[in-house]
Amino acid sequence: MQGLVSRIAIGVFGLLTVAMLLLAVFDERGALAVQKRRQELEQLNKEIAKATEDNNAHRKTIEELRHDRRAIERRAREELKLVRPGEIVIELPDTQGPQSDSSKEKDLSNTEK
């Protein structure tokens, strides 16, 4: 009889242990949830670092435009295509590789015939 009671006690203890382990892993505050939250936190920290870097670059640009007339002129020339009176602007075509995709397609269609 005493052997049976001890076996039942060990079985119940074992089941409780397994249940506790399952809860520790799969519960909403378990190990898997904690790991997921850590990954989310890491991703958010990366996004914050990128946003901070972008903000610093924008602040630098703002300071340059507030205090450096050459920066303003450079920006006006590059982005707005402004020129001074009497200047002549020569725009060169973009340099391309040996053939563009459309010319390759034309060559292929000519060889198939």
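To be clear, the structure that these remarks concern was listed above.
Report follows, based on the coordinates. (Residues numbered from 1 in each chain as written. Predicted model: local features only at pLDDT ≥ 70, side-chain atom pairs only at ≥ 80, totals over all residues. Heavy atoms only, no water.)

Here we come to unusual backbone geometry. At lysine 81, a residue that is not glycine, the phi angle is positive and equals roughly 60°. Considering the arrangement of structural elements, one finds lysine 81 in the loop between helix H3 (69–80) and helix H4 (101–112). (Helix = DSSP H or I, 4+ residues; strand = E, 2+ residues; numbered from the N terminus.)

Tracing the backbone through its elements, the reader meets glycine 30 in the loop between helix H1 (2–26) and helix H2 (31–67). By relative accessible area, glycine 30 is classed as buried at 4%. Not counting residues within four places of it along the chain, the set of residues in contact with glycine 30 comprises Leu23, Ala24 and Val25. (Buried < 20%, exposed > 50% of the residue type's maximum accessible area, 1.4 Å probe, protein only. Contact = heavy atoms within 4.5 Å.)

Along its 12 residues, H3 runs 16 Å from first to last C-alpha, staying within 8% of the 16 Å computed at 1.5 Å per residue. Two residues or fewer past H3, lysine 81 is found with a positive phi of approximately 60°. (Expected span 1.5 Å × (residues − 1).)

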